[in-house]
Amino acid sequence: MARSRVALDVEIPSDVKYIEGVVELATRKCRELRIPPRKCSFNVRIALSEALSNAILRGNGAMSGKHVRVRAVVSEDKLVFDVVDEGAGFDLAAERVDPTSPENLMKEDGRGLFLMRRLMDSVERFQKDGNVVRLTLNRE
Amino acid sequence: MSFAISKQGEVVVVDVEGQLIVGNRQELKQKVLDELEKGEKKFLIDFSQTGYIDSSGLGVLVSLSKKIREQGGELRLANLNDDLQTLFELTKLDTLFQISDTRERALESF
């Protein structure tokens with residue numbers, strides 16, 4: 001089994017003003033891990049921002065007493081982010097709306113999960129000490 | 001992060017400085033809607049000083065586009081960097097908006 005280590009482990013209150021700081025920290029860590037710069041500055045930045053936004057606004061309902069935890073684990077071949085909120089979770093498989101289809105293009109919402117899926121190598125959701133959205137980015 | 005509004009001829013120009021994200025999208029929306037309410041019809045949003053737009057920021061642009069069009073107006077975008085261009089292409093919003101390379105070209109396009 002490939003060796004892995006925790007590259008980042010932070011917890012923030014449920015307020016969108018904290019997203020930028022966490023994303024900056026994560027992209028910096030990503031670059032330090034010698035992952036291609038565009039993957040850090042574009043893929044990670046966007047996907048993690050969207051996951052955090054969902055966790056804060058939907059998972060935790062923006063309730064100030066609740067928290068979101070972000071944990072990143074790096075191994076030889078991939079970088080894995082777990083974004084954990086205190087919500088009941090959702091059916092990821094059922095969330096398959098295509099915001100690029102003509103009938104959805106003019107809608108204001110529905111692009112977050114789509115972007116996560118397009119920019120990460122995998123997106124998973126499960127329950128483990130909270131509602132976890134796991135974003136996996138392969139190094140190459 | 002801020003939004004600077006200026007007028008160039010008949011066009012209201014909005015410079016987005018920093019990011020257009022979930023934390024500030026409503027501010028942009030309100031500023032543009034205030035101008036629309038005053039009777040302005042032509043809008044250009046310039047992203048030359050913008051690092052990042054998230055999905056909620058994209059959503060606000062779609063919403064503003066609809067509202068401006070409903071009032072008989074036009075919304076144009078300019079100066080997307082490579083990452084923002086890719087973001088618009090991924091979401092196919094490049095097909096919805098008229099996007100120019102420079103502010104000058106965008107202003108000429110009205």
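Here the structure is shown first, and the text comes after it.
A few points on the structure. Per chain, residues are indexed from 1 in the order of the written sequence. Chains and ligands are labelled by the order in which they are written, letters from A for the one and numbers from 1 for the other. Only residues with pLDDT of 70 or above have their local features reported here, since the model is predicted, and side-chain atom pairs are shown and tallied only from 80 upward, although totals for entire chains, interfaces and linings are computed over all residues.

**Some points on the overall build of chain A**
Formally: Segments assigned H or I by DSSP are reported as helices when at least four residues long, segments assigned E as strands when at least two residues long, and all are numbered from the N terminus. Once C-beta atoms have been placed from the backbone, residue pairs whose C-beta atoms lie within 7 Å are recorded as contacts.
Helix and strand counts for chain A stand at three helices and five strands. Nonlocal contacts in chain A, meaning residues at least 24 apart in sequence, comprise 65% of its contacts between residues at least 6 apart.

**Description of the interface of chain A and chain B**
Under the convention used in this document: Side-chain classes follow a simple rule in which Ala, Val, Leu, Ile, Met, Phe, Trp, Tyr, Cys and Pro form the nonpolar group, Asp, Glu, Lys and Arg form the charged group, and the remainder, Gly included, forms the polar group.
Taken together, the contacts link 17 residues of chain A with 17 residues of chain B. Looking at the side of chain A that touches chain B, the elements with two or more residues in it are helix H2 (37–59) and helix H3 (112–119) of chain A. Per-element tally for the side of chain A that touches chain B: the top contributor is H2(A), with five residues. Residues belonging to the side of chain A that touches chain B are distributed by class as follows: six nonpolar, four polar and seven charged.

**Some remarks on the pairing of strand S4 (residues 122–127) of chain A**
Residue and element names in this part refer to chain A. What counts, and what does not: Think of it this way: DSSP has to see at least two bridges between two strands before they count as a pair.
Relative to strand S5 (residues 131–138), S4 is paired through six bridges, and the arrangement is antiparallel. Its bridge partner being in S5, Arg125 is matched across the sheet by Val133. As consecutive antiparallel partners, S4 and S5 are separated by three residues, and within that stretch Asp129 has a phi angle of approximately 55°, a positive value.

**Some words on the pairing of strand S5 (residues 74–78) of chain B**
Residues and elements named next belong to chain B. Let me state the cut-off plainly: A residue is called partly exposed when the number of other C-beta atoms within 10 Å of its own lies between 12 and 20, exposed at 12 or fewer, and buried at 20 or more, with C-beta atoms placed from the backbone. When the strands point away from the viewer and the path from the first strand over the helix to the second turns clockwise, the crossover is right-handed.
Burial analysis of S5 places four of its five residues in the buried class, which makes it a mostly covered element. As paired strands, strand S3 (residues 42–46) and S5 are joined by five bridges and run parallel to one another. Looking at the pairing, Lys42 lines up with Glu74 of S5. For the crossover from S5 across helix H3 (residues 82–90) to strand S6 (residues 98–100), the handedness is right-handed.

**What about unusual backbone geometry?**
Residues and elements named next belong to chain A. Of note, the phi angle at Arg34 is positive, near 60°, even though the residue is not glycine. Relative to the assigned elements, Arg34 resides in the loop between helix H1 (19–32) and H2. The backbone of Asp129 sits at a positive phi, close to 55°, despite the residue not being glycine. One can find Asp129 in the loop between S4 and S5.

**As for the packing of H2(A) against H3(A)**
Residues and elements named next belong to chain A. Put simply, the test is: Each axis is a line fitted through C-alpha atoms, and for a helix only the stretch in contact is used; angles between axes span 0 to 180 degrees, taken between their N-to-C directions. Rotating anticlockwise by less than a right angle from the far helix to the near helix defines a left-handed crossing, while the corresponding clockwise rotation defines a right-handed one.
Orientation of H2 relative to H3, taken along the N-to-C sense of each, is 145°, at an axis distance of 9 Å. For the crossing formed where H2 meets H3, the hand is left-handed. Between H2 and H3, the residues in contact are Asn43, Ile46, Ala47, Glu50, Ala51, Ser53 and Asn54 and Gly112, Leu115, Met116 and Leu119, respectively. Here the residues of the contact of H2 with H3 are counted per class, giving six nonpolar, four polar and one charged.

**A short note on the environment of Gly51(B)**
Within the fold, Gly51(B) resides in strand S4 (residues 50–53). Once residues lying within four places of it in the same chain are set aside, the contact partners of Gly51(B) are Gly18(B) and Gln19(B).

**Quick word on the sheet that holds strand S2 (residues 67–75) of chain A**
Residue and element names in this part refer to chain A. Strand order across the open sheet formed by five strands is S1-S2-S3-S5-S4, with antiparallel pairing between neighbours. Strand pairing shows two members of the sheet lacking a second neighbour, strand S1 (4–13) and S4, which therefore form its edges. Neighbouring strand axes in the sheet, compared pairwise and without regard to direction, differ in orientation by 15° on average. Set on the sheet, H2 makes contact with S2, strand S3 (78–85) and S5; between it and S5 the angle comes to about 175°.

**Concerning the packing of helix H1 (residues 25–37) of chain B against helix H2 (residues 55–70) of chain B**
Residue and element names in this part refer to chain B. Just so we agree on the cut-off: Any angle that is under 35 degrees is reported as roughly parallel, and any over 145 degrees as roughly antiparallel; angles of 65 to 115 degrees are reported as roughly perpendicular and all others as oblique.
With their axes 10 Å apart at the nearest point, H1 and H2 run at an angle of 10° to one another. When the interaxial angle is binned, H1 and H2 end up roughly parallel. Classified by chirality, the crossing of H2 by H1 is right-handed. Residues Arg25, Leu28, Lys29, Val32, Leu33 and Leu36 of H1 pack against Ser56, Gly57, Val60, Ser63, Leu64, Lys67 and Ile68 of H2. Across the contact of H1 with H2, the residue classes break down as seven nonpolar, three polar and three charged.

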